[in-house]
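Next come the chains, spelled out residue by residue.
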Amino acid sequence: VGTQDPENMGTGVPASEQTSCAKGDPQVYCPDNAGGTETGQVTDCDSPEDNRPLSEPGCSNPQDCGQLMASYEGKAKGYQVPPFGWRICLAHEFAEKRKPFNANNISLSNLIKHLGMGLRYLQWWYRKTQVEKKTPFIDLINCVPLRQIYGCPLGGIGGGTITRGWRGQFCRWQLNPGMYQHQTVIADQFTVCLRREGTTVYQQVLSVERPSVLRSWNWGLCGYFAFYHALYPRAWTVYQLPGQNVTLTCRQITPILPHDYQDSSLPVGVFVWDVENEGDEALDVSIMFSMRNGLGGGDDAPGGLWNEPFYLERDGETVQGLLLHHPTLPNPYTMAVAARLTADTTVTHITAFDPDSTGQQVWQDLLQDGQLDSPAGRSTPSQKGVGIAGAVCVTGKLPPRGQCRLEFSLAWDMPRIMFGAKGQVYYRRYTRFFGRDGNAAPTLSHYALCRYTDWEEKISAWQSPVLDDRSLPAWYKSALFNELYFLADGGTVWLEVPEDSLPEELVGSMCQLRPILQEYGRFGYLEGQEYRMYNTYDVHFYASFALVMLWPKLELSLQYDMALATLREDLTRRQYLMSGVMAPVKRRNVIPHDIGDPDDEPWLRVNAYVVHDTADWKDLNLKFVLQVYRDYYLTGDQGFLRDMWPVCLAVMESEMKFDKDQDGLIENGGYADQTYDGWVTTGPSAYCGGLWLAAVAVMVQMAVLCGAQDVQDKFSSILRRGQEAYERLLWNGRYYNYDCSPPPQSCSIMSDQCAGQWFLRASGLGEGDTEVFPTPHVVCALQTIFEFNVRAFAGGAMGAVNGMQPHGVPDRSSVQSDEVWVGVVYGLAATMIQEGLTWEGFQTAEGCYRTVWERLGLAFQTPEAYCQQRVFRSLAYMRPLSIWAMQLALQQQQHKKASRPIAEQGTGLSTGPKLGPKEAMANPK
């Protein structure tokens, strides 16, 4: 082994063997019981009672389990890597490279329709970026480019997140609340050093990169002998070290724990390295974790960053490592890179090195004896424009044919935050347990390294019932858990609520508002990483299933915040981009579109969305009413229902004005006045009309529970008239027409036409005595959608297109009707399952998963939309969390078949004792 020239350091593999990394004969790798599903044959689907068995998980189809692993040449399966999840070889390259949607992708006719909006947007964008020096809440000029690199994010809910790519890079950062930096920091790496009989025989950065900095380090790991496996909130990376008879398995753990409101908030991640020796010689193995202080960008430029070692012994457990202090205002933080010291390991460190240098000093230090020099004391503060990094190394003994374990943690402590307007000071949720002083990083590290085994037990208990269910296809098991990444990595904040921040005049009418917000905090997540608005409510309607099933108290907290915002007004006038009309920011007694922009002052200034005046949107108020009842049904919280009842009455009263002809059915206004904000809707429509009837039906149920006979009679009358009008005006014998505009638009088959029925069935309504839409019509409409929007679109392999003309051509009348919305498709699949079309539901949803995660390379950045060809829109979006509605539908289906309470399955839902006529407990504890 060359110790001076890094070019001679190599990998310890003969040159003849190294060539396989470049050309080799790739083999399809398939672990036992992994993979996808066997493709079922489409047969007659007229009867929803036809319960065709779902495909059994297995590896019989190489396309299912080998597509992303075809390049893998290794034999290693890794240490206790689970069979289910998203698995990819580090040498894989995605063939399809799509681009973000932009003006070039709009047809001439649609371009003409939106010309005024485009000009107004350009003026607004220029003022925002050049005059106000702020970031637009939606930046159509500078979309986030395609990077097919992301993996599981680190960090719990609301404390910031750091995404680690599937090739091991630290590449997406959300430390400042809601604001993302898409930047790969080269110095942030793991490096392995193997020594036999006192001599280093192998030293390699575990990265396929070949950067221009740190050139003395041995880069260019052969990706053909390594793979990544994600099952959020955990991930595994397996490295078979060629020629060494050694396999490394790095397990990444984040405390995402359903129904846990403490550890789930912690800004930590743990890396457990299990090293297996398949040879007959003993080895010393070292893993070095290097980390730059900051990201190397503008925040670091002023200098003043410094590092220091720490050592913390508590309760018989010792943790030591480095603190990287980053005092840049307004949100200073400290990062801790730490390792667990045991009787079998040695922990060493280097306090500071230049991450933009050749890195020779660090490399030689490790190469010499497999350890680092461990200087005492803090580093000098960094100079202006000069970077600073540090490293922690753990060394252990690896017996012949044996195994050893090395444990690291990464924690960051940014307790006090300000949003972009720098007005209000907030404290993150985790400070309730670890203090507000900014010195919690050592304690967080110690806690994480001592508690991660408990976290893993809880994660396994939660996930096992789904993973062990052989009736569920493998892709679904991956999708269900991996799509949950967005709950933490959606620019998410979870904040303490100051005592004096809740207005007395509004709090008084809601008895539980203050206790809920002060006990469980304030929760916010973005519509999308590119659509920067917190708690966008028309989209949360879809995504909320994940929250109410797994952290129901956060869902209730969000609902109380939304109720507060509903009762407030902001009469400041502004111009709306689509219409050019001047109107108030927020009117009283209407649900806001969103709770605000993190680059401004969310909660204090709502409705960052300036495209439409959403006070006239037809869906927001209805979605609030439907979610209130759904949340009550799943939590059994009668106090919550009582608190929300006056707000529901107020918003439904506001909604009444949209029924202009008094036939019991609201009319859309001839513009895009709902969540499909680029798809014009005129008169009575399937989507908003269906939501209206469902909300009216829910008001009848809530009136019964609240003992309001007059309200019950009023809404019962509206419901009868509205049902008649809806069927007469929209049902055409096969499906509900899109709206009542002239053909051909009105004839469009909308994939989301049964959204109202979806929520009714999720809330235990919509059939029997509480039927709103005739069941034969609902089933027929869903079968028509499956036939046209799913199977006649892209060969049935890309999910359901939003709109399809009855002659089998996608509806291109708008910029959104020919898109596939992933979250809508998951909701559609849930609706199919509810109505007995389980096979069709899984077929429909599978197309989206395969497209996003396997074909387009958009793992852990699932977009809002994609078209059949060329483009995607709005990466890392909230709506796909609706896949949890599929899980709810499956559990309710099981409950129906068993005619007994659903056993607590660890998926966040249980139907327990009925506290009301139609209730189920989301958290039986």
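The rules behind each value
Residues numbered from 1 in each chain as written. Predicted model: local features only at pLDDT ≥ 70, side-chain atom pairs only at ≥ 80, totals over all residues. Heavy atoms only, no water. Helix = DSSP H or I, 4+ residues; strand = E, 2+ residues; numbered from the N terminus. Buried < 20%, exposed > 50% of the residue type's maximum accessible area, 1.4 Å probe, protein only. Contact = heavy atoms within 4.5 Å. Areas by Shrake-Rupley, 256 points an atom, 1.4 Å probe, with all protein chains shown as cover. 1 Å grid on protein atoms, 1.4 Å probe; cavity = no way out; pocket = protein on both sides within 12 Å on 5 of 7 lines; lining within 4 Å. Points joined across faces, edges and corners; volume = space filled by probe spheres on them. Nonpolar A, V, L, I, M, F, W, Y, C, P; charged D, E, K, R; others polar. Core = buried A, V, L, I, M, F, W, Y, C linked by side-chain atoms within 4.5 Å. Pairing = 2+ DSSP bridges. Axes fitted to C-alpha atoms, helices over the stretch in contact; angles between N-to-C directions. Parallel < 35°, antiparallel > 145°, perpendicular 65-115°, else oblique. Left-handed = near helix turned anticlockwise from the far one by under 90°. pLDDT = per-residue confidence, 0-100. Phe/Tyr/Trp six-rings, centres within 6.5 Å; stacked < 30°, edge-to-face > 60°. Lys NZ or Arg CZ within 6 Å of the ring centre and 35° of its normal. Salt bridge = Lys/Arg side-chain N within 4 Å of Asp/Glu carboxyl O. Polar contact = N/O pair within 3.5 Å; in protein donor to acceptor, adjacent residues only side chain to side chain. Patch = residues over 30% accessible without salt bridge, like charges linked within 9 Å, V, L, I, M, F, W, Y side chains within 5 Å.

### Notes on the overall build of the protein
The helix and strand tally for the protein stands at 23 helices and 32 strands. Expressed as a percentage of the 925 residues in the protein, the buried residues total 65%. Within the protein, residue pairs in contact and separated by at least 24 positions form 71% of the contacts whose partners lie at least 6 positions apart. Surface accessibility of the protein: about 31200 Å² in total, with carbon and sulfur atoms responsible for 50%.

### As for empty space enclosed by the protein
Which parts of space are left empty comes out when a probe the size of a water molecule is rolled across the atoms. In the structure shown here, the tally under the stated rule is 7 cavities of 30 Å³ or more. Taken as a whole, the second largest cavity holds about 70 Å³ of empty space. Around the second largest cavity, the lining comprises 15 residues; the ones closest to its centre are Val585, Asn607, Asp613, Thr614 and Ala615. Across the lining of the second largest cavity, the residue classes break down as 7 nonpolar, 4 polar and 4 charged.

### Some thoughts on the nonpolar core
Ranked by internal contacts, the top residues of the largest apolar core, which has 285 residues, are Trp86, Trp273, Leu410, Phe624 and Trp884. In terms of residue count, the dominant contributor to this core is helix H17 (residues 686-705) (15 residues). For Leu410, the contacting residues outside a window of four places in its chain are Leu154, Ile162, Phe170, Pro267, Val268, Gly269, Phe271, Phe289, Met291, Met335, Ala336 and Val337.

### Overview of the sheet that holds strand S5 (residues 170-174)
An order of S3-S4-S5-S6 is seen for the 4 strands of this open sheet, with the pairing classed as antiparallel. Each having just a single partner strand, strand S3 (153-154) and strand S6 (181-182) make up the two edges of the open sheet. Bridge count between S5 and S6: 2 bridges; the pairing is antiparallel. Each bridged residue has a counterpart across the sheet, and for Arg172 the counterpart in S6 is His182.

### Some remarks on the packing of helix H8 (residues 441-467) against helix H9 (residues 474-482)
Here H8 crosses H9 at 150°, and the two axes come no closer than 10 Å. With respect to their mutual orientation, H8 and H9 come out roughly antiparallel. Here H8 and H9 pass one another in a crossing that is right-handed. Contacts from Trp462, Gln463, Val466 and Leu467 of H8 reach H9 at Lys477, Leu480 and Phe481. When the residues that make up the contact of H8 with H9 are grouped by side-chain class, the tally is 5 nonpolar, 1 polar and 1 charged.

### What about the confidence of the model for the protein?
Summarising the model, the protein shows a mean pLDDT of 91, and 90% of its residues fall at 70 or more. Overall, residues 22-63 carries pLDDT values under 50, and its contacts beyond four positions in sequence, including any with other chains, amount to 106 contacts. Segment residues 901-925: pLDDT under 50, and 80 contacts once partners within four positions in sequence are set aside and those in other chains are kept.

### A short note on the packing of aromatic side chains
Under the criterion given, the structure shown has 60 aromatic pairs. With a centroid separation of 6.1 Å and an interplanar angle of 70°, the aromatic rings of Phe419 and Tyr534 are classed as edge-to-face. One end of the pair, Phe419, is in the loop between strand S20 (416-418) and strand S21 (425-427); the other, Tyr534, is in the loop between strand S23 (522-524) and helix H13 (537-550), with 115 residues separating them in the sequence. Assigned by exposure class, Phe419 and Tyr534 land together as buried. Seen in terms of ring centroids, Tyr485 and Phe860 are 5.7 Å apart; in terms of plane orientation they differ by 80°. Their pairing is edge-to-face. Of the two residues, Tyr485 is situated in helix H10 (residues 485-489) and Phe860 in the loop between helix H22 (838-855) and strand S31 (865-866); the sequence distance between them amounts to 375 residues. Both residues of the pair, Tyr485 and Phe860, count as buried. A connected cluster of aromatic rings, assembled from ring pairs, spans Trp86, Tyr228, Trp475, Tyr476, Tyr485, Phe486, Phe523, Tyr525, Phe842, Tyr849, Trp853 and Phe860. Looking at Arg630, its charged tip hangs above the ring of Phe545, at a distance of 4.6 Å from the centre.

### Regarding the pattern of salt bridges
Scanning the entire structure with this criterion turns up 42 salt bridges. Between Arg98 and Glu96 there is a salt bridge whose closest N-O contact spans 2.8 Å. Looking at Arg98, the relative accessible area reads 4%, which means it is buried. Since its relative accessible area comes to 23%, Glu96 is described here as partly exposed. Taking the shortest distance from any N to any O, the salt bridge between Glu519 and Arg432 comes out at 4.0 Å. Note that Glu519 is positioned in helix H12 (residues 513-520) and Arg432 in helix H7 (residues 431-434), a separation of 87 residues in sequence. Among the charged side chains, a salt-bridge network with shared partners connects Arg234, Arg251, Asp274, Arg405 and Glu456.

### Topic: the sheet that holds strand S10 (residues 234-241)
Strand order in the open sheet made by the 9 strands is S1-S9-S10-S11-S12-S19-S16-S15-S14, with antiparallel pairing throughout. Here the strands that pair on one side only, and so sit at the sheet edges, are strand S1 (86-89) and strand S14 (306-314). For this sheet, the mean inter-axis angle between neighbouring strands, taken without regard to orientation, is 15°. Sheet topology note: the S14/strand S15 (residues 317-326) ladder contains 9 bridges and is antiparallel. Bridging across to S15, Phe310 finds its partner in Gly321. Sheet strands in contact with H9 are S1 and strand S9 (226-231), and its direction is about 70° off that of S9.

### Observations concerning the environment of Ser817
Its location among the elements puts Ser817 in the loop between strand S29 (803-804) and strand S30 (820-821). With relative accessibility at 0%, the residue Ser817 sits in the buried group. Apart from the residues lying within four places of it in its own chain, the contact partners of Ser817 are Trp679, Val801, Asn802, Gly803, Asp811 and Arg812. At a separation of 2.6 Å, a polar atom in the side chain of Ser817 contacts the main-chain carbonyl oxygen of Asp811.

### Side note on a nonpolar patch on the surface
Together, Leu115, Leu119, Leu122 and Ile141 make up an exposed nonpolar region whose accessible area comes to about 380 Å². Relative to the helices and strands, Leu119 is located in helix H5 (residues 115-131). By relative accessible area, which is 51% here, Leu119 ends up exposed.

### Observations concerning the pairing of strand S8 (residues 199-205)
In terms of residue burial, S8 counts as a mostly covered element, since 6 of its 7 residues are buried. Pairing of strand S7 (residues 189-196) with S8, which is carried by 6 bridges, proceeds in the antiparallel orientation. Pairing of Thr191 across the sheet is with Val205, part of S8. As consecutive antiparallel partners, S7 and S8 are separated by 2 residues, and within that stretch Glu197 has a phi angle of approximately 50°, a positive value.

### Some thoughts on the packing of H17 against helix H18 (residues 709-730)
Where H17 meets H18, the closest approach of the two axes is 9 Å, and the angle between their N-to-C directions is 155°. In terms of axis orientation, H17 runs roughly antiparallel to H18. For the crossing formed where H17 meets H18, the hand is left-handed. For the pair H17 and H18, the contacting residues are Ala686, Gly689, Gly690, Trp692, Leu693, Val696, Ala697, Met699, Val700, Ala703 and Val704 in the first and Val711, Gln712, Phe715, Ser716, Ile718, Leu719, Gly722, Gln723, Tyr726 and Leu730 in the second. Of the residues in the contact of H17 with H18, the class split is 15 nonpolar, 6 polar and no charged.

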